[in-house]
Amino acid sequence: MGQTFTAPKGMIDLLGSGAAAWERAQTVAREVFARYGYAPIYTPLVEYTEVFARGIGEATDVVGKEMYSFEDRGGRGLSLRPENTAGVVRAAIDAHLTDNGGGAKLYYAGPMFRYERPQKGRQRQFYQIGAEALGFAAPMADAEMILMLWDFFCTLGLPAERMRLLLNSMGDGDCRPAWRDEVAAFIRNHAHELCEDCVRRADTNPLRAFDCKNESCRAVFEGAPPLTGALCDDCARHFAQVRALLDAAGLDYVLDPTLVRGLDYYTRTVFEIQVDDGLGSQNAIGGGGRYDGLFEQLGGRPTPGIGFAIGFERSLLAMEAAGVDAPGEGTATVYVAVAGTGAGLREAAFALVTRLRAAGIAAVTDLTNRSLKAQFKQADRAGARFVAVMGDDEQARGGVTLRNMDSKREEFVLADDIVSALFALSPDLSAQAKNPTR
Ligand code: HAM
């Protein structure tokens, strides 16, 4: 045997139940987001580095330290996408999606890349599901976005009492600069109590200091001047309306004046959903906010935008910690087992799975000549609810012995009747067969 390889550091193979869970998360997203009027968008996994540098901000950790950047053969700077908001806005500008004033609601799902120090819930290639509403300035768009995020997690199965919604407003070009200066002054005054990174941020990007993971820095920053009191009238009104809409919808939130998020494009509303169990310091399972200046930053016309992204791996860890069943590896409803060596037996089993699949029922059979015992094991692993046993005797009678794996009941069924027998035994199967994506 030759040399073997692992996946690159910080990157994992999604297989078995992990892959099934990723597919289910996407199905839940598709179904939930469709109810809010969202359509899918697929953008490249790489963009010109400039798109991220200008969109996310040169002084952020994501752009400054975490991007996988390289030159293509023509010498143009490209980067693997560390997130997808900048790419979606770039695509919307390119395709004039919002030029008619109607707005666009888009969602995506796929891998993102950040060169971070890997730890639980933090990888270098990770999966996000995100949504962006482009061209909507009203507070109602903010409230709808937050409700949709909450709806996603609830539909996925995370108990509401395990999640905490944090909310803040970061102001805009009118009120933020003065606050930024105040925070920079605060950092300088407390330089002796803060880490080197925070002190350096006074000059580069003072608001990032709110994100410092250092416990002692965080304690100092509890005394930092909050923006909330210094919001301009427009921002204050906008924020009050968002809160009123969430109150009316009955969604609880925690106002957190230190929530500034790690990307520079945010204006006004920012939000994050955190969980307490299972994740340690990487406890944000999703977050987002408004970015009313991003279109212009990327050369487009002034256009408001708001969105969020969900971290798939962290959501899965949160589900596990909450004891919510992630979907198993189940891939088949019926396992057709071969019990005998008679001529044509395997071919008859093959014909039967073909017939079941044509009726919309997930069915597998053994392709490797395993023993009956091994086939039953495989049926278990595949999550089969029924095993159709085909032996020499059954073949002679033109049917199978159908075993219900839950009740353990068995009955002989003619091959011609097997589809209707299965539908009669489990009515949900018939609904599923008519609507195979569910
Ligand atoms: P973000 O907060 O950087 O926002 O990422 C969103 C989520 O992705 C995080 O809450 C976290 O669950 C997950 N995540 C981030 N980095 C990692 C990592 N290294 N490993 C595992 N999971 C990770 C954004 O990306 C924005 N684009 C969200 C947005 C959309 N804002 C407006 N529209």
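Residues numbered from 1 in each chain as written. Predicted model: local features only at pLDDT ≥ 70, side-chain atom pairs only at ≥ 80, totals over all residues. Heavy atoms only, no water.

### Here we look at the overall build of the chain
1) Next: Counting its secondary structure elements, the chain contains 16 helices and 16 strands.
2) Next: Here the C-alpha coordinates of the chain stretch approximately 90 × 55 × 45 Å along the principal axes.
3) Next: Scored against the burial criterion, the 438 residues of the chain give a buried share of 49%.
4) Next: Long-range pairs, those at least 24 residues apart, make up 70% of the contacts in the chain between residues at least 6 apart in sequence.
5) Next: When the accessible surface of the chain is totalled, it reaches about 21100 Å², and 50% of it is carbon and sulfur.
6) Next: One finds the centroid of the 47 positive side-chain charges in the chain at a distance of 4 Å from the centroid of its 57 negative side-chain charges. (Helix = DSSP H or I, 4+ residues; strand = E, 2+ residues; numbered from the N terminus. Buried < 20%, exposed > 50% of the residue type's maximum accessible area, 1.4 Å probe, protein only. Contact = heavy atoms within 4.5 Å. Areas by Shrake-Rupley, 256 points an atom, 1.4 Å probe, with all protein chains shown as cover. Lys, Arg positive; Asp, Glu negative; His and termini not counted. Charge placed at Lys NZ, Arg CZ, Asp CG, Glu CD.)

### Some words on the domain arrangement of the chain
How big an interface is tends to be expressed through the accessible area that disappears when the partners come together.
1) Next: As assigned here, the chain comprises domain 1 (16–175 + 227–321) and domain 2 (334–432).
2) Next: Distance from the C-alpha centre of domain 1 to the C-alpha centre of domain 2: 46 Å. (Domains from an automatic or database assignment.)

### A closer look at the site of the ligand
1) Next: As a structural note, the neighbourhood of the ligand is formed by 26 residues, with E83, E116, Q123, Y266 and A284 the closest of them.
2) Next: Between an oxygen atom of the ligand and a side-chain N or O atom of R114, the distance comes to 2.9 Å.
3) Next: With the chains in place, 95% of the 650 Å² that the ligand exposes on its own is no longer accessible.
4) Next: Counting residues per element, the ones that place at least two in the shell around the ligand are β6 (125–134), β10 (284–290) and β11 (305–311).
5) Next: Counting residues per element, the shell around the ligand draws most heavily on β10, which supplies 6 residues.
6) Next: Taken together, the residues of the shell around the ligand sort by class into 9 nonpolar, 10 polar and 7 charged. (Near = heavy atom within 4 Å. Polar contact = N/O pair within 3.5 Å; in protein donor to acceptor, adjacent residues only side chain to side chain. Nonpolar A, V, L, I, M, F, W, Y, C, P; charged D, E, K, R; others polar.)

### Here's the deal with the sheet that holds strand β12 (residues 334–339)
1) Next: Overall, mixed pairing links the 5 strands, which are arranged β13-β12-β14-β15-β16 in an open sheet. Both outer strands of the open sheet, β13 (363–365) and β16 (410–414), are each paired with one neighbouring strand and no more. Mean inter-strand twist for the sheet, computed between neighbouring axes without regard to direction, equals 30°.
2) Next: Two elements, β12 and β13, share 3 bridges in a ladder whose sense is parallel. (Pairing = 2+ DSSP bridges. Axes fitted to C-alpha atoms, helices over the stretch in contact; angles between N-to-C directions.)

### Here's the deal with the sheet that holds strand β4 (residues 77–80)
1) Next: A sheet is described by the order of its strands in space; here 3 strands give the open sequence β2-β4-β3, paired in antiparallel fashion. Looking at which strands have only one partner, the edges of the open sheet turn out to be β2 (46–48) and β3 (69–71). Taking each pair of neighbouring strands and ignoring which way they run, the sheet shows an average axis angle of 35°.
2) Next: With 3 bridges connecting them, β2 and β4 associate as antiparallel partners. Looking at the pairing, E47 lines up with S79 of β4.
3) Next: Across the sheet, helix α2 (residues 49–56) is in contact with β2, β3 and β4; its angle to β2 comes to roughly 80°.

### Some details on the environment of A141
1) Next: By secondary structure assignment, the location of A141 is in helix α5 (residues 139–156).
2) Next: Overall, the relative accessible area of 14% leaves A141 in the buried class.
3) Next: Excluding residues that lie within four positions of it along the chain, A141 makes contacts with F136, R290 and I306.

### A look at the nonpolar core
1) Next: Within the largest apolar cluster, 99 residues are counted, with the highest numbers of intra-cluster contacts made by F33 and F221.
2) Next: The residues contacting F221, other than those within four sequence positions of it, are V183, F186, I187, L194, C198, A209 and F210.
3) Next: In terms of nonpolar packing, the next biggest core, distinct from the first, is built from 21 residues, V336, L345, F386 and L429 among them. (Core = buried A, V, L, I, M, F, W, Y, C linked by side-chain atoms within 4.5 Å.)

### Overview of the pairing of strand β5 (residues 104–113)
1) Next: Within β5, 8 of the 10 residues are buried, leaving the element largely enclosed by the surrounding structure.
2) Next: Relative to β6, β5 runs antiparallel, the two being bridged by 10 bridges. Within β6, the residue paired with G110 across the bridge is Q128.

### Things to note about the packing of aromatic side chains
One pair of aromatic rings is described through two measures. These are the centre distance and the angle between the planes.
1) Next: With the rule as written, the count across this model stands at 13 aromatic pairs.
2) Next: Between the aromatic rings of Y68 and Y115, the centroid separation amounts to 5.6 Å while the plane-to-plane angle is 75°, which identifies the pairing as edge-to-face. With a gap of 47 residues between them, Y68 in the loop between α3 (61–65) and β3 and Y115 in the loop between β5 and β6 connect regions that are remote in the sequence.
3) Next: The rings of F33, Y38, Y107, F152, F153 and F308 are connected pair by pair, giving a single aromatic cluster.
4) Next: One cation-aromatic arrangement involves R243 over F239; the distance from NZ or CZ to the ring centre is 4.8 Å.
5) Next: Above the ring of F412, the side-chain terminus of R397 is found at 3.9 Å from the ring centroid. (Phe/Tyr/Trp six-rings, centres within 6.5 Å; stacked < 30°, edge-to-face > 60°. Lys NZ or Arg CZ within 6 Å of the ring centre and 35° of its normal.)

### Overview of the environment of R346
1) Next: Note that R346 resides in helix α12 (residues 345–358).
2) Next: For R346, a relative accessible area of 28% translates into the label partly exposed.
3) Next: When the C-alpha positions of R346 and N369 are compared, they lie 8.9 Å apart, and in sequence the two are 23 residues distant.
4) Next: The contacts of R346, once residues within four sequence positions are left out, are V338, D366, N369, R370 and Q375.

### A short note on the packing of α12 against helix α15 (residues 418–425)
1) Next: α15 packs onto α12 with a crossing angle of 55° between their chain directions and a minimal axis gap of 10 Å. Looking at the two axes, α12 sits oblique to α15. In the crossing of α12 with α15, the sense of the turn from one axis to the other is right-handed. For the pair α12 and α15, the contacting residues are L352, R355 and L356 in the first and I418, V419 and L422 in the second.
2) Next: By residue class, the composition of the contact of α12 with α15 is 5 nonpolar, no polar and 1 charged. (Parallel < 35°, antiparallel > 145°, perpendicular 65-115°, else oblique. Left-handed = near helix turned anticlockwise from the far one by under 90°.)

### A look at the pattern of salt bridges
1) Next: All told, the structure shown has 24 salt bridges when counted by the stated rule.
2) Next: Salt-bridge contacts for R164 lead to D276; the nearest nitrogen and oxygen are separated by 2.9 Å. Here D276 lies in the loop between β9 (267–275) and β10 and R164 lies in strand β7 (residues 163–169), a separation of 112 residues in the sequence.
3) Next: Among the residues examined, R164 registers a relative accessible area of 26% and is labelled partly exposed.
4) Next: Linking D393 and R397 is a salt bridge whose minimum nitrogen-to-oxygen distance equals 4.0 Å. Residue D393 and its partner R397 are located together in helix α14 (residues 392–397), separated by 4 residues, close to a single helical turn. (Salt bridge = Lys/Arg side-chain N within 4 Å of Asp/Glu carboxyl O.)

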